[in-house]
Amino acid sequence: IDGALWKQRTIEESRLMPDPETAAPPKLPEFKRVVVAVDPAVTSGKHSNETGIMVCASAGSGVYKHGYLLEDLSGRWTPLQWATRAVTAYREHKADRIVAEANNGGDLVKTNVHTVDPNVPVKLVNASRGKTARAEPVAAKGEQGKIHHVGVFAMLESQLTTYTPDSGLDSPDRMDAYVWGFTELLLGKQGA
């Protein structure tokens, strides 16, 4: 879609898939960091926004640093359900921390995670700039071939390739979690 920050072609060019003959998983580098990024919804009804939950990793350093999307666990979850999914992903992927947007709920977001496991480190982030301004640096990393989707994430990729600032679409929660995850891993202080 014209005006969308991500193009399907760009995503495809960097995608990592199992070997088509042996079905062996793609060879991945040793990750330096792994985070579980969460864009929490405050309600869980059938017309509610989704809670975006992405498992993101990074490898390499400096200009050789690359990001890897490992899982999309997003959905319409109650607060306890999304916190449980995020903590489970944190444990399964041996993540460094959970990064969660605090605009909807503030300290309640951290408290919700700590209800499931009080020992999980949580970094709260606040959206002080518009969605597009936050997403552009991450989309640029994708254009540079520095973000790899390990598998196909159809619902996320649909959000990435159709959301434009003037689209009038609902808040793209999967995209928001994706942006928070790769901002934490790839942009450092620039993304703060």
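Whatever comes next refers back to the structure up there.
The following paragraphs examine the structure supplied in this document. Keep in mind that this is a model prediction, so the values were computed, not measured.

1. Describing the pattern of salt bridges
Point 1. Summed over the entire model, instances satisfying the criterion amount to 9 salt bridges.
Point 2. Between Arg174 and Glu50 there is a salt bridge, and its shortest N-O distance comes to 2.8 Å. Taken as a pair, Arg174 in helix 6 (residues 173-187) and Glu50 in the loop between strand 1 (33-39) and strand 2 (52-59) lie far apart in primary sequence, 124 residues in all.
Point 3. Where Asp72 meets Arg174, a salt bridge forms, and the shortest distance between an N and an O atom there is 2.7 Å. Separated by 102 residues along the polypeptide, Asp72 in strand 3 (residues 66-72) and Arg174 in helix 6 bring together distant segments of the chain.
Point 4. Take Asp72: its relative accessible area is 18%, and that puts it in the buried class.
Point 5. For Arg174, a relative accessible area of 6% gives the class buried.
Point 6. Shared partners join several salt bridges into a network, and the residues in it are Arg33, Asp96, Lys123 and Glu184.

2. Overview of helix 2 (residues 79-92)
Point 1. With 14 residues, helix 2 should cover 20 Å at 1.5 Å per step; its first-to-last C-alpha distance of 20 Å lies within 8% of that length.
Point 2. Those residues of helix 2 lying buried are Trp82, Ala83, Ala86, Val87, Ala89 and Tyr90. Each buried residue of helix 2 sits inside an arc of 160° when the element is viewed along its axis, so together they form one side. Of the exposed residues in helix 2, the ones pointing more than 90 degrees away from its buried face are Leu80 and Glu92.
Point 3. Residues of helix 2 that are buried sit in contact with strand 1, strand 2, strand 4 (97-101) and helix 3 (107-116).

Procedures and definitions
Residues numbered from 1 in each chain as written. Predicted model: local features only at pLDDT ≥ 70, side-chain atom pairs only at ≥ 80, totals over all residues. Heavy atoms only, no water. Salt bridge = Lys/Arg side-chain N within 4 Å of Asp/Glu carboxyl O. Helix = DSSP H or I, 4+ residues; strand = E, 2+ residues; numbered from the N terminus. Buried < 20%, exposed > 50% of the residue type's maximum accessible area, 1.4 Å probe, protein only. Expected span 1.5 Å × (residues − 1). Arc of directions from axis to C-beta. Contact = heavy atoms within 4.5 Å.

Keep in mind these numbers describe shape, not what the thing actually does.
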